[in-house]
Amino acid sequence: MVGMVIVSHSKKLAHEIIELCNEMKKYDFPVVNGSGTTGNHLGSDPMIIKEAIESAYSEDGVLIFGDIGSSILNSEMAMEFLDVEYDRAKIKIADAPIVEGTLIAMAINDGKTSLEDILEELKDLKNFNKV
């Protein structure tokens, strides 16, 4: 199954997203909080994200959800720091809202659904209306 990493500027916010989305999780796969900075300040840190990716990594891949700007940039940088044993082609950043995207991805990640299948499903969130 695909591992997941949640990257927010707030470690607490990412924790709560994971807790909420765990309600939809049907199978056992890693979901790792890669948020915050050393000293627990707001922000994101490529080395914290790198460690989260390594922790969530599986042969099926890793899907990263980020909140805004630098969390995405730092996730891209974190991938550059990975050792060669981690196949970067299997590590993707989701272009989806962090809460809704994580919720859907966790609900459909069943071992039969590939990383590409999950990314395809998340495309519909580009025009997702809540009202």
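One can find the structure itself at the top, above this paragraph.
Residues numbered from 1 in each chain as written. Predicted model: local features only at pLDDT ≥ 70, side-chain atom pairs only at ≥ 80, totals over all residues. Heavy atoms only, no water.

The next subject is a negative patch on the surface. A contiguous patch of negative charge, built from E116, D117, E121 and D124, is present on the exposed surface. Within the element layout of this structure, E121 appears in helix α5 (residues 115-122). Look at E121 and you get partly exposed, because its relative accessible area is 41%. (Patch = residues over 30% accessible without salt bridge, like charges linked within 9 Å, V, L, I, M, F, W, Y side chains within 5 Å. Areas by Shrake-Rupley, 256 points an atom, 1.4 Å probe, with all protein chains shown as cover. Salt bridge = Lys/Arg side-chain N within 4 Å of Asp/Glu carboxyl O. Lys, Arg positive; Asp, Glu negative; His and termini not counted. Charge placed at Lys NZ, Arg CZ, Asp CG, Glu CD. Helix = DSSP H or I, 4+ residues; strand = E, 2+ residues; numbered from the N terminus. Buried < 20%, exposed > 50% of the residue type's maximum accessible area, 1.4 Å probe, protein only.)

A word on unusual backbone geometry. A positive phi is found at N40, a non-glycine position, where the angle reads about 60 degrees. The topology assignment puts N40 in the loop between β2 (31-33) and α2 (46-56). Given the relative accessible area of 62%, N40 is considered exposed.

The subject of this paragraph is the pattern of salt bridges. Side chains that differ in sign of charge can pair as their charged atoms come close. Within the structure shown, the criterion is met by four salt bridges. In this structure, E59 and K90 form a salt bridge, with 3.0 Å as the shortest nitrogen-oxygen distance. In this pair, E59 sits in the loop between α2 and β3 (62-66) while K90 sits in the loop between α3 (69-81) and β4 (91-93), placing the two residues 31 residues apart along the sequence. A residue is classified by how much of its surface remains accessible, and E59, at 57% relative accessible area, is exposed.

This brings us to α5. Inspection of α5 places L115, I118 and L122 among the buried residues, and these make up the whole buried set. The buried residues of α5 occupy an angular sector of 65 degrees when projected down its axis, which confines them to one face. Along its buried surface, α5 packs onto β3, β4 and α4 (98-108). (Arc of directions from axis to C-beta. Contact = heavy atoms within 4.5 Å.)

Tracing the chain through its elements places S75 in helix α3. Taking the relative accessible area as the measure of exposure, S75 reaches 0% and is therefore buried. A polar contact of 2.7 Å, which involves the side chain of S75, links it to the backbone oxygen of S71. Ignoring anything within four residues of it in the chain, the contact list for S75 reads V7, I49, I64 and I93. (Polar contact = N/O pair within 3.5 Å; in protein donor to acceptor, adjacent residues only side chain to side chain.)

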